[in-house]
Amino acid sequence: MGFIADSQKGVGLWGGCVRSLVRRKQVDSAHVKVKGHHQLAKELSVPHLIVIGIGSTIGAGVYILVGTVAREHSGPALAISFLIAGVAAALSAFCYAELASRCPSAGSAYHYSYICIGEGVAWLIGWALVLEYTIGGSAVARGISPNLAFFFGGPNSLPGFLARQHIPGLDIVVDPVASILVFIVTGLLCVGIKESTLVQGFVTTVNVCVLLFVIIAGSYLGFKTGWAGYGLPSGYFAFGVDGMLAGSATLFFACIGFDSIASTAEEVKNPQRDLPLGIGFTLATCCTLYMLVSVVILGLVPYYAMNPDTPISSVFAEHGVHWAAYIITSGAVMALCSALMGSLLPQPRILMAMARDGLLPSFFSDVNKNTQVPVKSTLATGIGAATLAFFMDVDQLAGMVSVGTLLAFTMVAISVLILRYVPPDEVPFPSSLQDTIDSVALQYDLNGQDINCETSEIDAGTSSTLPMLHKNNAAVDYPEIVQQEAQVLKEENRRKIAGWTIAFTCTGAFLLTYAATDLNLPRPVRFTMCGVGGALLLFGLIVLTLVEQDDARHSFGHSGGFICPFVPLLPIFCILINTYLLINLGAATWARVSVWLLIGVFVYALYGRTHSSLLDAVYVPVAHADRIHRSSVDILA
């Protein structure tokens, strides 16, 4: 009946490895409950999600990036750079919104990749996200102590037991404040998702109020002094359009943070409605604040006169408003604390999702009965981040954070294309339900059609009954059967064409962006790669536009949520942008990330592959899934 067991016995070592890499899990639904573990608390609504999103997005970067990017890339056109960065981030946000509402479970991009692409890619994405959030949280924590020192009189003014100390023998600088703050945030996250979100809401509100102060007070100074920053002979585009676009590539990472919202999908009361609203409102609010701040600050002083370390407070000091530095520094501290919570919140849920799927030890999947929070995963995350923040200067590792983000964004965009054109046509069931699956299989004829009511009343317990029924049906309904078989063949061909086209499109995006980035390649090679990559990309866009999307997309996962617009153009453009940014991260960053990913490959090979919950799964057609669920419930009842 086309029901396939995923057991690796008898398929050989390499065959079993390949099968394990491509096996996909089922969308969590009312039928698919998390067994053996307590559920996360469904406490979050749209305001909570907006707080998490804004708090994770608006870090201290806005207090620094406006100076650095304006001086080196954008000039007075910084606001347009922020706008382009926001639009680029919105492409990924649209993809996240659809998948989050259709598959509202913990795990974010890891979860979507596991459903749409396969276990191997999902593992690498989850492993990369663990690195991203750990290093990201540690980097944010180490940035807090210099800002706190401002309130004690300046750099290195913290009390002795809190100040950074250099250890000569080890040649490291320890940061007690960073470690303490990580432990405080970890304890807060263990109390409960609603309680930690309320605290993050207060911190985020203070940060937003500081930015509003900058906008309002800066506008008053600008109208009073005549907006000197926009009266330059170099014009609005001081570095040209290329400089403005280069600034957008840097600012792109200041506009992301909505992936933290997706990681809390399992804790949202109404995920089909609230998740898209939370993601959309977060991105719109953050980009608006960024643009307004940049318009005001760039108008107060010339871009080349801005202080790259403290641009906003320096601008106010130049106009005689020295006391504003205290308000701005307090906003930076609050932004860092909020970003720290946003970095530590998603990782325990990713660890929990991976452990639920058997890819990590079950220790990480335990949910506390009282707080309904994955306390063990949260503590493990906090201890790791606090240790890293205490001992290591993570500035040089900051690029590794971007790799995890961009890999996740790329796979989410690919998952949207797969969902629309080649959604999984088989779903896994545990091998313990084999008898139920076999009994349901007997209720379908050779063409996968349900046997009519009269047939179901006949005793189907003997093996001689069903073949006779199939024969009679074939004799009576032969034209209809031929038509159905032709339709099935047409659908199979459409899926093959769409699947290969998606693969060619991704290949074209890589070739085009790599050739356009690597200036060391010989010109003939570069032009050839650009031509081939561009042709594949254009071919993929045309074919996917002409090919019909799969009807199964309407019933995939949870219905009634957000639908990503402009498919396939929007996901393809998203893949192109993210691939370009990935390639531009540099060889040193990729060398460090490769070491981490290689460790992940060994962990998966030695543990995850052989402990996966899909190890002995039985795959059945999607059309049969509901009946098997009902039959299994009836048997258990």
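Rules used throughout
- Residues numbered from 1 in each chain as written.
- Predicted model: local features only at pLDDT ≥ 70, side-chain atom pairs only at ≥ 80, totals over all residues.
- Heavy atoms only, no water.
- Helix = DSSP H or I, 4+ residues; strand = E, 2+ residues; numbered from the N terminus.
- Buried < 20%, exposed > 50% of the residue type's maximum accessible area, 1.4 Å probe, protein only.
- Contact = heavy atoms within 4.5 Å.
- Phe/Tyr/Trp six-rings, centres within 6.5 Å; stacked < 30°, edge-to-face > 60°.
- Disulfide = S-S within 2.5 Å.
- pLDDT = per-residue confidence, 0-100.
- Core = buried A, V, L, I, M, F, W, Y, C linked by side-chain atoms within 4.5 Å.
- Axes fitted to C-alpha atoms, helices over the stretch in contact; angles between N-to-C directions.
- Parallel < 35°, antiparallel > 145°, perpendicular 65-115°, else oblique.
- Left-handed = near helix turned anticlockwise from the far one by under 90°.
- Nonpolar A, V, L, I, M, F, W, Y, C, P; charged D, E, K, R; others polar.
- Expected span 1.5 Å × (residues − 1).
- Salt bridge = Lys/Arg side-chain N within 4 Å of Asp/Glu carboxyl O.
- Patch = residues over 30% accessible without salt bridge, like charges linked within 9 Å, V, L, I, M, F, W, Y side chains within 5 Å.
- Areas by Shrake-Rupley, 256 points an atom, 1.4 Å probe, with all protein chains shown as cover.
- Polar contact = N/O pair within 3.5 Å; in protein donor to acceptor, adjacent residues only side chain to side chain.

A. Structural context of the overall build of the protein chain. Scanning the protein chain for helices and strands turns up 25 helices and five strands. Burial statistics for the protein chain: of 637 residues in total, 53% are counted as buried. Put simply, of all contacts in the protein chain between residues at least 6 apart along the chain, 84% involve residues at least 24 apart.

B. Molecular detail of the packing of aromatic side chains. For the coordinates displayed, the defined rule picks out 27 aromatic pairs. Ring centres of phenylalanine 150 and phenylalanine 151 lie 5.8 Å apart, and the angle between their planes is 80 degrees; this geometry places the pair in the edge-to-face category. Exposure remark for phenylalanine 150: the relative accessible area of 31% places this residue in the partly exposed category. Of the residues examined, phenylalanine 151 reaches a relative accessible area of 39% and is grouped as partly exposed.

C. Here's a closer look at the state of the cysteines. Scanning the model with the defined rule gives zero disulfides in all. Considering cysteine sulfurs only, cysteine 564 is the nearest to cysteine 95, which forms no disulfide, with 4.4 Å between them. Considering cysteine sulfurs only, cysteine 287 is the nearest to cysteine 255, which forms no disulfide, with 4.0 Å between them.

D. Looking closely at the environment of proline 428. For proline 428, the location among the structural elements is in strand 4 (residues 426-429). When the C-alpha atoms of proline 428 and tyrosine 619 are compared, they prove to be 4.3 Å apart, with 191 residues separating the residues in sequence. Apart from the residues lying within four places of it in its own chain, the contact partners of proline 428 are Arg24, Lys25, Gln26, Leu614, Ala617, Val618 and Tyr619.

E. Main features of the confidence of the model for the protein chain. Summary statistics for the protein chain give a mean pLDDT of 85 and a share of 88% for residues scoring 70 or more. This stretch, residues 451-476, has a pLDDT under 50; its non-local contacts, to residues over four places away or in other chains, come to 17 contacts.

F. Broad picture of the nonpolar core. Within the largest apolar cluster, 162 residues are counted, with the highest numbers of intra-cluster contacts made by Tyr63, Tyr96, Ile312 and Phe316. Here this core gets 16 residues from one element, more than from any other, and that element is helix 17 (residues 398-421). Ignoring sequence-local partners within four residues, the contact set of tyrosine 63 consists of Asn207, Val210, Leu211, Asp309, Pro311, Ile312, Ile328, Gly331, Ala332 and Ala335. Judged by nonpolar contacts, the second largest core, of eight residues, contains Ile437, Val440, Val618 and Ala625.

G. Representation of the side chain of serine 108 within the structure. Considering the arrangement of structural elements, one finds serine 108 in the loop between helix 4 (78-102) and helix 5 (109-116). When near neighbours in sequence (up to four residues on either side) are disregarded, serine 108 contacts Tyr96, Asp259, Ala262 and Ser263.

H. View of the packing of helix 4 against helix 17. Look at helix 4 against helix 17: their axes get within 9 Å of each other, and the N-to-C directions meet at 60 degrees. Judged by the angle between their axes, helix 4 and helix 17 are oblique. The interaxial crossing formed by helix 4 with helix 17 has left-handed handedness. In contact with Ser92, Cys95, Tyr96, Glu98, Leu99 and Arg102 of helix 4, helix 17 contributes Ala408, Phe409, Val412, Ala413, Ser415, Val416, Leu419 and Arg420. For the contact of helix 4 with helix 17, a count of residues per class yields nine nonpolar, two polar and three charged.

I. Quick look at helix 9 (residues 193-225). Over its 33 residues, helix 9 extends 47 Å from the first C-alpha to the last, a length consistent with the 48 Å expected when each residue adds 1.5 Å. Just beyond helix 9, the residue with positive phi is glycine 226, at close to 95 degrees.

J. Summary view of the pattern of salt bridges. Evaluated as defined, the whole model comprises 13 salt bridges. Measuring nitrogen to oxygen at the nearest pair gives 3.1 Å for the salt bridge that ties aspartate 357 to lysine 25. Of this pair, aspartate 357 sits in the loop between helix 15 (346-356) and helix 16 (375-391) while lysine 25 sits in the loop between helix 1 (13-22) and helix 2 (46-57), and the two are 332 residues apart along the sequence. For the pair aspartate 357 and lysine 25, a shared accessibility class is recorded, and that class is buried. Here aspartate 425 and arginine 495 are joined by a salt bridge, their closest N and O atoms 4.0 Å apart. Separated by 70 residues along the polypeptide, aspartate 425 in the loop between helix 17 and strand 4 and arginine 495 in helix 21 (residues 478-517) bring together distant segments of the chain. Residue class for aspartate 425 comes out partly exposed when judged on its relative accessible area of 43%. Connected through shared salt-bridge partners, Asp425, Glu491, Arg494, Arg495 and Asp550 make up one network.

K. Expanded view of a nonpolar patch on the surface. Taken together, the side chains of Tyr230, Tyr236, Phe237, Val241, Leu245 and Val295 make up a nonpolar region of the molecular surface, amounting to roughly 500 Å² of accessible area. By secondary structure assignment, the location of phenylalanine 237 is in the loop between helix 9 and helix 10 (240-251). Using a relative accessible area of 37% as the deciding quantity, one classes phenylalanine 237 as partly exposed.

L. Focus on unusual backbone geometry. In this model, valine 567 is joined to proline 568 through a cis peptide bond whose omega is 15 degrees. Relative to the helices and strands, proline 568 is located in the loop between helix 22 (523-546) and helix 23 (569-583). Phi is positive for glutamine 372, which is not a glycine, with a value near 55 degrees. In this fold, glutamine 372 is placed in the loop between helix 15 and helix 16.

M. Representation of the side chain of glutamine 26. With respect to the helices and strands, the residue glutamine 26 is situated in the loop between helix 1 and helix 2. Here the side chain of glutamine 26 touches proline 428 through a polar contact of 3.2 Å, landing on its backbone oxygen.

N. Summary view of the environment of glutamate 72. Residue placement: glutamate 72 occurs in helix 3 (residues 61-74). Between the alpha carbons of glutamate 72 and proline 308 there is a distance of 9.7 Å; along the sequence they are 236 residues apart.

O. How the structure looks around the environment of phenylalanine 213. Note on placement: phenylalanine 213 falls in helix 9. Sequence separation between phenylalanine 213 and isoleucine 327 is 114 residues; the distance between their C-alpha atoms is 8.7 Å.

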